[in-house]
Structure formats: C-alpha cells, structure tokens
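# Remarks on the overall topology
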Protein chains: 2
Amino acid sequence: MTPEEFRAAGHELIDWIADHRARVPDLPVAAQVRPGEVRAALPIRAPEAPEPFADVLADLDRVVVPGVTQTQHPGFYGWFPSNASLASVLGDIASGGVGALGITWQSAPALTEVEQVVTDWLRELCGLSPQWRGAIQDTASTACLVAMLAARERASDGSEHRGGLQSLDAPLVAYTSPQAHSSVPKAALLAGFGADNLRLVDVDPVTYAMDPAALRRAMAEDAAAGRTPAVVVAAVGTTGTTAMDPVPAIVEVAREHGAWVHVDAAMAGSAMLLPEMAHLFAGVDDADSLAWNPHKWMGTILDTSLLYVRDVDHLVSVMSTTPSYLRASTDAEVVQYKDWGIPLGRRFRALKLWFHLRLDGVEAIRARLRRDLENARWLAGQVEAEPGWRVLAPVELQTVCIRHEPVGPDGEPLDGDALDAHTLAWVDAVNDSGRAFLGASRLDGRWMVRVSIGAEATERADVEALWSLVRGAAASAGA
Amino acid sequence: MTPEEFRAAGHELIDWIADHRARVPDLPVAAQVRPGEVRAALPIRAPEAPEPFADVLADLDRVVVPGVTQTQHPGFYGWFPSNASLASVLGDIASGGVGALGITWQSAPALTEVEQVVTDWLRELCGLSPQWRGAIQDTASTACLVAMLAARERASDGSEHRGGLQSLDAPLVAYTSPQAHSSVPKAALLAGFGADNLRLVDVDPVTYAMDPAALRRAMAEDAAAGRTPAVVVAAVGTTGTTAMDPVPAIVEVAREHGAWVHVDAAMAGSAMLLPEMAHLFAGVDDADSLAWNPHKWMGTILDTSLLYVRDVDHLVSVMSTTPSYLRASTDAEVVQYKDWGIPLGRRFRALKLWFHLRLDGVEAIRARLRRDLENARWLAGQVEAEPGWRVLAPVELQTVCIRHEPVGPDGEPLDGDALDAHTLAWVDAVNDSGRAFLGASRLDGRWMVRVSIGAEATERADVEALWSLVRGAAASAGA
C-alpha cells in the first residue's frame, strides 16, 4: 500500500472511528454474538488478491462491533474500567505511523527517552521518590511475573546464573492473599515456586485486606522449617473489592526476612494522581516494585501497564542479555529497556502516554477520577439506604460491591444457593438489557455484583439510571 | 477529547503519516541524536493543562523523527527487517478505534475469533498440519519463554502445581546452539533452569547449524548423569547468519529423551509462505512449538509474533488461572487466549494481520519476499566475485554476511584486531552516510557485517547502490 492509498483509507478510517465513538452510547454494552458466530462469518482461507478497503471497513460494522463488549460505553461497569481516551488513541496511531523498532537505545533513542520522560512524569505525579524508575509493560500480569523473577533472583542470590531455581536447597516461598488477582498465583507458578510454596495469607473478614499478623506467622513458620520467604505481593486495590492490603505493615514483616514486596495497584494506581488519596498508598515508596495500569481507569489505551522498581540495577542483572550484534559504544550512557522486562522488541508505546497527558492535561484527568469517586460514594449511599440491599465491602475507590438480599417465600432472608440464583438472575437481566454491563464475582463463597464505575463517558445521570435499572431487574427477578 | 476533536486531529495525523512515509527515503537512515538529547528536549513535568494538538504534532518532527532509526527506509539493512506495512498500520488504527478489551472470550468474542481465523489462515499458508494452533504474542522472546515454560512443565509432570521447579530431584536441562538468539538463553534463565543447565551445542563450522550428533552426545551425557533433557530450541534462521538448524534430526534426538522441541523461526517464518522454500522447514511440523514474527519480514507492524503449538491442552494446563469473576457459561465452547500466554489483557492485535492480509493479499506479499531473496542472491554473487571480499555463511534467505579482507601494509591479508578495526571503520562510514544502515556482528570471534535485505521499500537499485557505497567505504577506510 502506498502512502497515498494509505492517506485515502486513513481518512475514511478516522471518520469511522469518530462516528463509532459517537454512537457507542446507543449500542448494546455487551457483545451480541454466540460462540463461533464471528468465525463462521469469515472465510476459512486468506485472500490471495487484495480486497477493497471499503469491504474491510464494512466488516468492522458487520463483524467486529457486534462482537465486542463496549468498554467505552457509559453503561460499562464490568471488570475494571478499560478506557481508551481518544487522545491516547492518537498517540497509538502516531506510534504506528512512525513505525519504529525499539530493541536497544541505539535503534530508536526517542522511543527509549520519551518512555523515560513520561514514566518519570507519572512517578512524580504519583509521589514516588526519585530513585524509582519505570518502564512500560503490556499488562500487570507480565509486570507481576517480572517482579516475581526479580524477587526470586534476589532471594537466591542470582541462582539463574548458576544451577537455577532447581539447584536450591531451601525452597523459596511467595505470599499473597486469596483476594489477589489471578495473575499473582500464575506468576508464582510460572516463576517456578510451585503451588506448594505459595501461601494465601488470611484477610480481614470485613475489609478483605491482608492480615499482617497472619503474614508474620506464615513467614516465621516457613523460616523455622528451613524455607526462604522470598516475595510478598500486596494488592492496593484488590480485583474483587478494591481492598487495600496494609503495605506499611507488610513491608515491615517482609524486611525481617529480606523478602521482596511487589505492590499490585493495577486499578488503584490511577488514584495516586490525587493528593487526597495519598493515604491509600502509604508505605508503597518503601516496597521494591509497583505495577499500575494507566490503561484501566486513567484511560491510556491498552496495553499500557507500568512497572516501577527501586533497584533497577538488580532488575537489569536478572533480565540482561547483550549479544554482540546489540552492543554499542553508547551503552554506558543510556537505558536499555530490553533489560527491564521479557521482550526484546518494543513498540513506541510511550507515545500513547505522551499524547494522552499532553492533549488532555493532568488536571482534567484528576477531575474525571474525582467525579468517579463521588459517583461511587453516591451509589454506595443509595444501596445502603435501600431495604434488602447491602454494600458488601468498604468502598475505597470507584468499585461498589453489592447484593440484593430480599425476603424469600418462607419469610426469611434469601440465602445459600437460592440467593446465588437470584443474584445471577438479576445481573443477567441487567446485562441482557444492553443498557448496562455489570460483573458478578464470588465473595465469601457467594455471588455478588461489582459495579465498577469509571468509564470515561459515565456521568452521574448514568449511575442514577443504572441504580434504577438494577432495582427493577432485582424486583422482576423475584425472590 | 470528544469524537469531533478526535476527527479533526485524526485527519491531520493521517496526513502527517502519509507525508512522513513518503519522505522516509530522503531521511538519514540511522537515528541522529546523542544520548540524553531527546530527554533534554522535553519538559521535566507533565502538563497540567491541555496543549494544542499542533504542538504535539510538531514534536513528532522536532523530537521523534530524528530520534529513531528509519526501519522503513529502502536503505535499512540492519538487524532484521522491521516492516510496518501501511495496510497493517490501518488495522492497528482500527484496533485503537474499536477500543476493545480482550480478557476472556466473553469480553470480546470478535477479538478472540478473528485471532483464531487469521492464525489459522497463516497456519495453512505455512503448511502446518491442522492440529497446530496459534496465538499472537508480543515478540518471539516472550513466545520462547512460554514454550520453555510449557517444556519445563511437561518434563516435570506439572511441577508448578506441586513443589515447583525447586522441588525436582533431577535437574532439567535445556539445549540450544551458540548461534541462538539472546532471548533463548534469557528464557532458559527466566524459566529457572539456570545457566549450569543450559547447553550450547556445537555448530557445523561452515553452515553454523546445530550439529545433531553433538546434541545426541550432550543429551546422553546429561541423562547418564541423572539429569533430564527437557527442551531443545532449534533456530530455523539464526539471528547472526540465518543458519538452519537441522530440525528433523533434532526432533529425532529429542524424542529419544521425551524433550520438547521449540523452533525459533522469528525471521525465517515469513519464508514458510513460499512453497519453494518448504525444504527449509522440513521437520518443523513434528516439533512441539514454533515462533515466527510477521512483524519482521512479512511486515505486519510490531508487535505481532506468532506462537504455534501442537498440544494446546498442555499449554493451557500450564498457563490457566480462572477466577470466579472470569467464569462464564460459554467457557467450554470457546478459546480463552489468556490461558495461552502470560498476559491476561489483550489488544485486538489480530486486526493488524487481518487488514494486512486482506488489503495487500497473500500473492503480493509472496512476490515481495521473492524479490528480496533474489536481491540477496544477487548481492552475494557480487561480493563473491569481488577480490578481497568474502561471503561468510550460506545465504539461506535474505541476509548476506560479508567481510572485506584486503591486503594489509605488510602484504599479507589483514587479520586479527586490524581486520576488526577495518570492518568497524567501513561499516561506521556507511552508517554515518545516512544513506544505508548495516549491522556489525561477531562470527567466530571476529566482526563481520550483516546485510539484511527485506525492507518493504528496498528494490534492486537500492541494493546496487548499497554495494557501491559499501565498496567505496571499505576502500576509503584503507587497510
């Protein structure tokens, strides 16, 4: 395709995107297809000859749009916000247009240095000390694995450079809570710790935050048995309920054993931009690594996850490999991001953050985050005030965990499997309406519903409409 | 930013990209900045207030363009091709515009199913049997780590679900050649094998391909010593010289020990699209996993690496974690790509391949690959016919490894450090000219120059001009 052909098609595509984003509020929120339906709509072989751009563009409407959940919809309250701010989309488009290859600093100095600049901008905005250094990873899952590998190598004194994890006499142990994101156990398993050496430390029954006394007991028990406490992953904002693990106490306990502390703030990290929320992040500066995802609430389009570490030299010692064809005389003066993570090749993802921060400005981003926090507090107040409804966990941020617990046919409050069936019935009814999308999740063995506020488009009126929709669905679902 | 603001800025950006790509041939190929220069050109704090789009756009020209090596330039022969075909850039733009979140099939069925369709298109085009299944990873480094983890868990009978790698009595051993890409040792180390359990198997001194007899000896020795041969990474097209490890023989040896065979065809995989090159890929269908990067020679913009495996169920058993908030009633009927790799969240990267294959068509892609193969053969012929010049390794694909070995002041052919200095002098002169960019690399302990042909824009006339430039630079560098 020539630049002129690209120009013509590109203008059509920009119009399509602008039109699409303008009509998202009128679309059903949840994807509208059955398993296999998209595949069946497509040919089984690749085309030998070029197809007209109009046909490809038409397939976005025919196949793609009905086949995705509209995370940019004002009625999207599922999982966590997955905002794709249009300013960051422009940065992503620029990245594609520049077509650079980041493998070393030398291959694309600007790719490296803009990433240094924007991660440092965000470091300062988040209140982290200057010794912290950040790099963009694809997701917090990968960031957690990288942190886990760094922790493994610190605890084993660089075993990868000798006999590996398999050569250790004393097994390394990892700690997190049962409320941790699924990527945390996954990272521990992939890093080779093994399920037997992963401790799910008890949480407080009301706040769902990790109990540091239980962590202290677990670490002491492992140490007494000749095992090595190596890493704790603390969640600042768990996935289920945005519970806040007590980082200062966790860091204190971990230090007694020389264990690494990784803070998973994938969702909540955006709140670090708000000075009035600083109390939630107390102690984080004393941890060893921190992951947060601007691609969630803050809204820099996926995939933009940040991993910050305090000891970059250690990270590099774990991740570095420098063959001759990648050596250069400027090596000592520059950062080589290939040694800060798993992949060698790197997109110019920093442009997404650069465009987003510059075109929207930090103050507008803060204002939006504050709006969402207020909307969550408003909704929590409504739910608490409504008979038969409960807020199940502290509303630390923008996610409200709720359940309708009406009186059953026997005159007693519904519970057990009947309560689960009721919960799933009304949440399905809400989702089937197309007007909103909520996620169901299990808490203390029972289903509950997470209302995760924070789509860029969601205003108070949308949350009011949701609350009305939810009450109606629950009432219709009966009891 | 509103859709209408996006529309206006988007049109400007499309024009900028079309103009930029049209003028790339007039730019110097190598990045033109010194360490720290880009950082110094940018403010140290993020802007509180929005900046005009014109300012951000102007910074692409002021800061970004001079700060990247122009991999789309017809004079780019560095590393490996890193093509960003404009058809695939359109697909990437569409991905941003749709703004979908891939965490489960349910979150974005089309994101999953288009990926199934395009990876299956390419599977068939590459001649792999139908039991192979593919997924998009960011890079071949990550794909190699995933393969290594799958191999580790097969060899240890799923140790991650028990005591982990650290609980094994018999250490697992990984095998590759000294010519393997740096990501292979890195993956072995990150997977926990340890440097002591990584064998660099001897290569043939002429072809630089792994010697299967040496592999057999190494595996037998490890097995006799009570260690477990777990995985071999064979390169089909090494990074240094595009050497072809003999996969059929390697598979045969590996099978005797039940070891996993991962084929790294990151660069060469694109040649699988050419039926006449099928001989290079003999035996690959009998391996366990295969990585290749359409984001290299084929030209689907970074990051588009494909990992194919024969036993998906095993891969899923290694990678799966399914918490309650990600469970759904349709789970049995669909593919969950989160269980095929490390990250949970997923961009709609399949659109890049979908647009690229549809808008360019497979036949045109094949024609371009054939053009590059012919250009490489032509250049190799010129170099071989020129006194004082050598082609140092078989030209299996589009990369020609060359050295100028003139007669020195003492009347003898230049060798040793003097030869190295000469090589680096002339390659620097070529790169400093701005008209071409070549990579130097070490082979048998001495510097040589890789001419990796395959930028989308590179025609025969460009290669002719390069050969003239190279001879001139070598002559001027003296001897």
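This structure is a prediction, so every number in the text was calculated from the model and none was measured. (Residues numbered from 1 in each chain as written. Chains lettered and ligands numbered in written order. Predicted model: local features only at pLDDT ≥ 70, side-chain atom pairs only at ≥ 80, totals over all residues. Heavy atoms only, no water.)

### Side note on the overall build of chain A
- A tally of regular secondary structure across chain A gives 14 helices and eleven strands.
- Against the compact-globule benchmark of 23 Å for 479 residues, chain A has a radius of gyration of 24 Å, which places it among compact chains.
- With respect to the three principal axes, the spread of C-alpha positions in chain A is 70 × 70 × 45 Å.
- In chain A, buried positions account for 67% of the 479 residues.
- When the accessible surface of chain A is summed, it comes to about 14900 Å², and 51% of that surface belongs to carbon and sulfur atoms.
- Side-chain charges in chain A split into 40 positive and 62 negative, and the spacing between the mean points of these groups amounts to 2 Å. (Helix = DSSP H or I, 4+ residues; strand = E, 2+ residues; numbered from the N terminus. Rg over C-alpha atoms; globule rule 2.2 N^0.38 Å. Buried < 20%, exposed > 50% of the residue type's maximum accessible area, 1.4 Å probe, protein only. Areas by Shrake-Rupley, 256 points an atom, 1.4 Å probe, with all protein chains shown as cover. Lys, Arg positive; Asp, Glu negative; His and termini not counted. Charge placed at Lys NZ, Arg CZ, Asp CG, Glu CD.)

### Quick notes on the interface of chain B and chain A
- Taken together, the contact pairs 150 residues of chain B with 149 residues of chain A.
- Buried area between chain B and chain A, summed over both chains or domains, comes out near 12900 Å², and the portion from carbon and sulfur atoms is 63%.
- Run the count over chain B and chain A and you get 14 salt bridges.
- The salt bridge involving A:D92 is made with B:R347; its shortest N-O contact spans 3.1 Å.
- Counting every contact that joins chain B to chain A gives 69 residue pairs in polar contact (both at pLDDT 80 or more).
- Tallying contributions element by element places helix 1 (residues 3–23) of chain B first for the side of chain B that touches chain A, with 16 residues. (Contact = heavy atoms within 4.5 Å. Buried area = accessible area lost by both parts, 1.4 Å probe. Salt bridge = Lys/Arg side-chain N within 4 Å of Asp/Glu carboxyl O. Polar contact = N/O pair within 3.5 Å; in protein donor to acceptor, adjacent residues only side chain to side chain.)

### With respect to the packing of helix 11 (residues 350–360) of chain A against helix 12 (residues 362–385) of chain A
All names here are of chain A.
- Two elements in contact, helix 11 and helix 12, have axes separated by 6 Å at closest approach and are oriented at 85°. Taken together, helix 11 and helix 12 sit at an angle that is classed as roughly perpendicular. When helix 11 is examined against helix 12, the residues H356, L357 and D360 are found in contact with a partner set consisting of V362, A364 and I365. (Axes fitted to C-alpha atoms, helices over the stretch in contact; angles between N-to-C directions. Parallel < 35°, antiparallel > 145°, perpendicular 65-115°, else oblique.)

### Side note on the relation of the copies chain B and chain A
- Screw-axis analysis of chain B against chain A gives a translation of 0.0 Å along the axis, an RMSD of 0.0 Å, and a rotation angle of 180°. Interpreted geometrically, this transformation is the action of a two-fold axis. For chain B, the minimum C-alpha distance to the rotation axis belongs to B:Q166 and amounts to 2.1 Å.
- A shared interface surface links the copies, since 99% of the contact residues of chain B are contact residues in chain A too. (Least-squares fit on C-alpha atoms with pLDDT ≥ 70 in both.)

### Structural notes on the packing of aromatic side chains
- Overall, the coordinates contain 16 aromatic pairs over all chains when judged by the stated rule.
- Note on A:W389 and A:W426: the rings are 5.3 Å apart at their centroids and 65° apart in plane angle, and the pair reads as edge-to-face. With A:W389 in strand 8 (residues 389–391) and A:W426 in helix 13 (residues 416–432), this pair connects stretches of sequence that are 37 residues apart.
- For A:W426, a relative accessible area of 0% translates into the label buried.
- Between B:Y337 and B:W340, the aromatic rings sit 4.9 Å apart at their centres with planes inclined by 70°, giving edge-to-face as the arrangement. The burial state of B:Y337 is the same as that of B:W340; both residues are buried.
- Here the aromatic residues A:F53, B:W354 and B:F355 are joined through ring pairs into a cluster of three or more. (Phe/Tyr/Trp six-rings, centres within 6.5 Å; stacked < 30°, edge-to-face > 60°.)

### Looking at the sheet that holds strand 10 (residues 439–443) of chain A
All names here are of chain A.
- Spatial strand order, 8-9-11-10: four strands in an open sheet with antiparallel pairing. Lying at the two open borders of the sheet, with one neighbouring strand each, are strand 8 and strand 10. Taken pair by pair, the neighbouring strands of this sheet meet at an average axis angle of 40°, ignoring direction.
- Taken together, the five bridges between strand 10 and strand 11 (residues 446–452) define a ladder with antiparallel strand orientation. When the bridges of strand 11 are listed, L443 appears paired with R446.
- Packing against the sheet, helix 12 makes contact with strand 8, strand 9 (399–404) and strand 11, and its axis sits at approximately 140° to strand 8. (Pairing = 2+ DSSP bridges.)

### A few points about unusual backbone geometry
- Cis geometry is adopted by the peptide bond preceding A:D303, which originates at A:L302 and carries an omega value of 5°.
- Mapped onto the secondary structure, A:D303 falls in the loop between strand 6 (289–292) and strand 7 (305–309).
- Look at B:W79: it is not a glycine, yet its phi comes out positive at around 40°.
- Along the chain, the position of B:W79 falls in the loop between strand 1 (76–77) and helix 4 (86–98).
- You can call B:W79 buried: its relative accessible area is 12%.

### Overview of the environment of A:G283
Residue and element names in this part refer to chain A.
- Take G283: it is sitting in the loop between strand 5 (260–264) and strand 6.
- Residues G283 and I250 lie 33 residues apart in sequence; the distance between their C-alpha atoms is 8.9 Å.
- Setting aside residues no more than four positions away along its own chain, G283 makes contact with V247, P248 and V251.

### Quick notes on the environment of A:N293
All names here are of chain A.
- Along the polypeptide, N293 turns up in the loop between strand 6 and strand 7.
- Distance in space between the C-alpha atoms of N293 and Q70 is 19 Å, their sequence separation being 223 residues.
- Excluding residues that lie within four positions of it along the chain, N293 makes contacts with T139, A140, A265, A266, S270, T304, S305 and L306.
- Side-chain polar atoms of N293 contact the side chain of S305, separated by 2.6 Å.

### Description of helix 6 (residues 140–155) of chain A
Residues and elements named next belong to chain A.
- Between its first and last C-alpha, helix 6 extends 22 Å over 16 residues, near the 22 Å set by a 1.5 Å rise per residue.
- In terms of burial, helix 6 is a largely internal element, 14 of the 16 residues being buried.
- Positive phi shows up at D157, right after helix 6, with a value of about 55°. (Expected span 1.5 Å × (residues − 1).)

### Quick word on the confidence of the model for chain A
- Mean pLDDT for chain A: 96, with 98% of residues reaching 70 or above.
- Interface confidence for the predicted complex, given as ipTM, is 0.97, next to a pTM of 0.97. (pLDDT = per-residue confidence, 0-100.)

### Some details on the sheet that holds strand 4 (residues 198–200) of chain B
Residues and elements named next belong to chain B.
- An order of 2-8-7-6-5-3-4 is seen for the seven strands of this open sheet, with the pairing classed as mixed. Two strands bound the open sheet, and with one partner strand each, they are strand 2 (133–137) and strand 4. Strand-to-strand twist across the sheet, computed as the mean angle between neighbouring axes with direction ignored, equals 20°.
- Pairing analysis gives five bridges linking strand 2 to strand 8 (residues 305–309), with the strands arranged antiparallel.

### A look at the pairing of strand 2 (residues 172–176) of chain A
All names here are of chain A.
- In terms of burial, strand 2 is largely enclosed, as five of its five residues are buried.
- Neither face of strand 2 is left uncovered, since the one carrying L172, A174 and T176 and the one carrying V173 and Y175 both have all their residues buried.
- Across four bridges, the pairing between strand 2 and strand 4 (residues 228–235) is parallel. Bridging across to strand 4, L172 finds its partner in T228.

### Observations regarding the packing of helix 5 (residues 109–125) of chain B against helix 11 (residues 350–360) of chain B
Residues and elements named next belong to chain B.
- It is the contact of helix 5 with helix 11, at a shortest axis distance of 9 Å, that shows an interaxial angle of 50°. Here helix 5 is positioned oblique relative to helix 11, judged by the angle of their axes. At the point where helix 5 passes helix 11, the crossing takes the left-handed sense. Facing V114, E115, V118, W121 and L122 of helix 5, the residues of helix 11 in contact are A350, L353, W354, L357 and R358.
- For the contact of helix 5 with helix 11, the class distribution of residues is eight nonpolar, no polar and two charged. (Left-handed = near helix turned anticlockwise from the far one by under 90°. Nonpolar A, V, L, I, M, F, W, Y, C, P; charged D, E, K, R; others polar.)

### Describing the side chain of B:T241
Residue and element names in this part refer to chain B.
- Looking at the element boundaries, T241 is found in the loop between strand 5 (228–235) and helix 9 (247–256).
- Given a relative accessible area of 1%, T241 falls into the buried group.
- Setting aside residues no more than four positions away along its own chain, T241 makes contact with Y208, A393, P394, C401, L443 and M448.

### Considering the pattern of salt bridges
- On inspection of all chains with the given rule, the structure shows 66 salt bridges over all chains.
- A salt bridge links A:E405 to A:R390; the shortest N-O distance between them is 3.1 Å. With A:E405 in the loop between strand 9 and helix 13 and A:R390 in strand 8, the pair connects residues that are 15 residues apart, well separated along the chain.
- Note that B:D420 and B:R446 form a salt bridge whose closest N and O atoms lie 2.7 Å from each other. Of the two residues, B:D420 sits in helix 13 (residues 416–432) while B:R446 sits in strand 12 (residues 446–452), which places them 26 residues apart along the sequence.
- Given the relative accessible area of 7%, B:D420 is considered buried.
- Ionic contacts of the salt-bridge type, sharing partners, join the residues A:E48, B:E276, B:E363, B:R366 and B:R370 into one network.

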